[in-house]
Amino acid sequence: MVYHSSFLDEEGITKACGCPLLPLKSHIKGPAPTSEQDRTDIVDEAITFFRANVFFRNFDIKSAADKLLIYLTFYINVALKRLEGCRTLAEGTKAIINLGLEKVPVPGESGFPFPGLFPLPQSPQEAELFRNYLKQIREETSGRLLSVAYRPNGTPNKWWLAFAKRKFMNIIVP
């Protein structure tokens, strides 16, 4: 059974493209509200559940936060694919920074991995808000992923990088 997000209560949460802009434990500037450091956020959930959820071909969506969990699981898969050939933390950091510099597509644009998962933006402002949120959440996920994909001595953690070979929901990672 697939792991779902625990963020079910969407009251008072801003949405863009049908996706809740959930709070993050982040120092990165962006549209996401800040969360308390001792609480679990969506990035923690995505990293925690990644190794189990990546095996599933179907993902039953129970809340809007599950859509964000699907997107983050796919992004972690892409990031691990980029880290696959990096033998040190310094190389991995460089690869992740380059991934972060890539353009972030939103629903309706070419390159968005899940057409139909999120509704199309109703305005250019909504599209830009969603793009900025995805950029912020990708940067935050990348930073936290490096801390689990590499050991404290800077060597790769094979128990994480082995998952770069997996296809999430049968989507081939570029």
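So, a few notes on the structure that sits alongside this text. Just so we're clear, the structure is a prediction, and the values are computed from it rather than from any experiment.

### Description of unusual backbone geometry
Notably, Cys 17 is not glycine yet its phi reads approximately 55°, a positive angle. Inspection of the secondary structure assignment puts Cys 17 in the loop between β1 (15-16) and β2 (19-20).

### Quick word on the packing of helix α2 (residues 64-83) against helix α4 (residues 124-149)
In contact at an axis separation of 10 Å, α2 and α4 are set at 55° when each is read in the N-to-C sense. Considering the angle they form, α2 stands oblique to α4. The two elements α2 and α4 meet at a crossing, and its hand is right-handed. For the pair α2 and α4, contact is made by Leu 68, Tyr 71, Leu 72, Tyr 75, Ile 76, Ala 79, Leu 80 and Leu 83 and by Tyr 133, Leu 134, Ile 137, Arg 138, Thr 141, Ser 142, Leu 145, Leu 146 and Ala 149, respectively. Taken together, the residues of the contact of α2 with α4 sort by class into 14 nonpolar, two polar and one charged.

### Section: the environment of Glu 102
Here Glu 102 shows up in the loop between α3 (89-100) and α4. A relative accessible area of 34% means that Glu 102 is categorised as partly exposed. C-alpha of Glu 102 to C-alpha of Trp 159: the two residues are 57 residues apart in sequence and 27 Å apart in space. A polar atom in the side chain of Glu 102 sits 2.9 Å from the side chain of Arg 82.

### Describing the pattern of salt bridges
Counted according to the given criterion, the structure contains ten salt bridges. Residue Asp 41 is joined to Arg 144 by a salt bridge in which the shortest nitrogen-to-oxygen separation is 2.8 Å. Placement of the pair is Asp 41 in the loop between β2 and α1 (42-53) and Arg 144 in helix α4, with a sequence separation of 103 residues. Here Asp 41 falls in the buried class, since its relative accessible area comes to 0%.

### Section: the packing of α1 against α4
Closest axis-to-axis distance for the α1/α4 pair is 10 Å, and the angle between their directions is 50°. Put simply, α1 runs oblique to α4. The hand of the α1/α4 crossing is right-handed. Contacts between α1 and α4 involve Ile 42, Val 43, Asp 44 and Ile 47 from the former and Tyr 133, Ile 137, Glu 140, Thr 141, Arg 144, Leu 145 and Val 148 from the latter. Its residues assigned to classes, the contact of α1 with α4 shows seven nonpolar, one polar and three charged.

Thresholds applied
Residues numbered from 1 in each chain as written. Predicted model: local features only at pLDDT ≥ 70, side-chain atom pairs only at ≥ 80, totals over all residues. Heavy atoms only, no water. Helix = DSSP H or I, 4+ residues; strand = E, 2+ residues; numbered from the N terminus. Axes fitted to C-alpha atoms, helices over the stretch in contact; angles between N-to-C directions. Parallel < 35°, antiparallel > 145°, perpendicular 65-115°, else oblique. Left-handed = near helix turned anticlockwise from the far one by under 90°. Contact = heavy atoms within 4.5 Å. Nonpolar A, V, L, I, M, F, W, Y, C, P; charged D, E, K, R; others polar. Buried < 20%, exposed > 50% of the residue type's maximum accessible area, 1.4 Å probe, protein only. Polar contact = N/O pair within 3.5 Å; in protein donor to acceptor, adjacent residues only side chain to side chain. Salt bridge = Lys/Arg side-chain N within 4 Å of Asp/Glu carboxyl O.

Read these as spatial facts, not as claims about activity.
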